[in-house]
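# Chain and residue survey
The primary structure of each chain is shown beneath.
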Amino acid sequence: MTAIEQTHARPRGTRLPRRARREQLLGAAQEVFVAQGYHAAAMDDIAERAGVSKPVLYQHFPGKLELYLALLDQHCEALLQSVRGALESTTDNKKRVEATMDAYFAYVEDEGGAFRLVFESDLTNEPAVRERVDKVSLQCAEAISEVISEDTGLSREQSMLLAVGLGGVSQVVARYWLASRSDVPRDTAVQLLTSLAWRGIAGFPLHGAEGGHHS
């Protein structure tokens, strides 16, 4: 029995406002795409999961790709806002690193599995998908690099290299942690990764401060 079959479909006939219906359809589509992947998923499956007819589904989304891209836009934005929120949550640099690491872990751990659409998509050969995934990775790195540049005085290019490394390590380790069903608690995993990253970042002098020590 598939994950989709295990979850009861919504009864048909319930009328919802257009925005609520769209959100419901996106939720159903996410469950199907995460469980089956893009290629194996069918609009029939999504309509059944949502408890609507296919014509209703097509009223909101012209096709499967448009539905997938709408989900991708939603979850790329959620990741970006989470990373920005982590960076803005404190002025303590080590805590900023920890909060950013934890943002990736929280994103990957979310029970909806949306990270699979962003980081493990089976549709990365589709230019529109690749563009969105590359864009959110770049935007997250830019947000991190701004803080690194301000704090260290490194050039934009140097700061971006460090930021891409920090973001890349965070999402790869978080995905491994989840996939391996590690016995290490999330907060401990985040602290370990933070210690690794901080030992490197703290080696750069704090911009404008004597002695070069970060707070």
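Residues numbered from 1 in each chain as written. Predicted model: local features only at pLDDT ≥ 70, side-chain atom pairs only at ≥ 80, totals over all residues. Heavy atoms only, no water.

## Looking at the packing of helix α5 (residues 64-88) against helix α6 (residues 93-109)
Convention followed: In this description, a line fitted to the C-alpha atoms serves as the axis of each element, helices being fitted only across the stretch in contact, and the angle between N-to-C directions of two axes falls anywhere from 0 to 180 degrees. A helix here means a DSSP run of H or I that spans at least four residues, while a strand means a run of E at least two residues long, and both kinds are numbered starting from the N terminus. Put simply, angles under 35 degrees are roughly parallel, angles over 145 are roughly antiparallel, angles from 65 to 115 are roughly perpendicular, and the rest are oblique. In this scheme, a crossing is called left-handed if the near helix is turned counterclockwise away from the far one by less than a right angle; it is called right-handed if the turn is clockwise. Contact between two residues is taken to exist if any of their heavy atoms lie within 4.5 Å; hydrogens are not considered. Residues are grouped as follows: nonpolar covers Ala, Val, Leu, Ile, Met, Phe, Trp, Tyr, Cys and Pro; charged covers Asp, Glu, Lys and Arg; every other residue, Gly included, is treated as polar.
Direction vectors running N to C along α5 and α6 enclose 155°, while the axes themselves pass 8 Å from each other. With respect to each other, α5 and α6 are oriented roughly antiparallel. In this structure, α5 meets α6 at a crossing whose hand is right-handed. Contacts between α5 and α6 involve His75, Cys76, Leu79, Ser82, Val83, Ala86 and Leu87 from the first element and Arg96, Ala99, Thr100, Ala103, Tyr104 and Tyr107 from the second. When its residues are assigned to classes, the contact of α5 with α6 shows nine nonpolar, three polar and one charged.

## Focus on the packing of aromatic side chains
The line we're drawing: Stacked, tilted and edge-to-face are the three classes assigned to paired rings of Phe, Tyr and Trp, where Trp is represented by its six-membered ring and a pair needs centres within 6.5 Å; plane angles under 30 degrees give stacked, over 60 edge-to-face, the rest tilted. Working definition: with a 1.4 Å probe on protein chains only, accessible area under 20% of the residue-type maximum means buried, over 50% means exposed, and in between means partly exposed. We call a charge positioned over a ring when the NZ of a Lys or the CZ of an Arg lies within 6 Å of the ring centre and within 35 degrees of the ring normal.
Under the counting rule described, the total for this entry stands at five aromatic pairs. For the pair Tyr38 and Tyr68, a centre-to-centre distance of 5.2 Å together with 80° between the ring planes defines the contact as edge-to-face. Residue Tyr38 is found in helix α2 (residues 18-40), and its partner Tyr68 is found in helix α5; the two are separated by 30 residues along the sequence. Its relative accessible area of 11% is what places Tyr38 among the buried residues. Taken together, Phe33, Tyr38 and Tyr68 form an aromatic cluster joined through their ring pairs. Between the NZ or CZ atom of Lys64 and the centre of the ring of Tyr38, over which it lies, the distance is 4.3 Å.

## Focus: the layout of surface pockets
In plain terms, the rule: Put simply, the grid is 1 Å and covers the protein atoms alone, a cavity is a trapped set of points that fit a 1.4 Å probe, a pocket is an open set with protein on both sides within 12 Å along at least five of seven lines, and lining residues have an atom within 4 Å of a point. Grid points are joined across faces, edges and corners, and a volume is the space filled by probe spheres set on the points.
Space inside the largest pocket adds up to approximately 210 Å³. Lining the largest pocket we find 17 residues, and of these Phe119, Ser137, Gly167, Gly168 and Gln171 sit closest to its centre. The leading source of residues in the lining of the largest pocket is helix α8 (residues 127-152), at seven residues. Of the residues belonging to the lining of the largest pocket, the class tally is eleven nonpolar, five polar and one charged.

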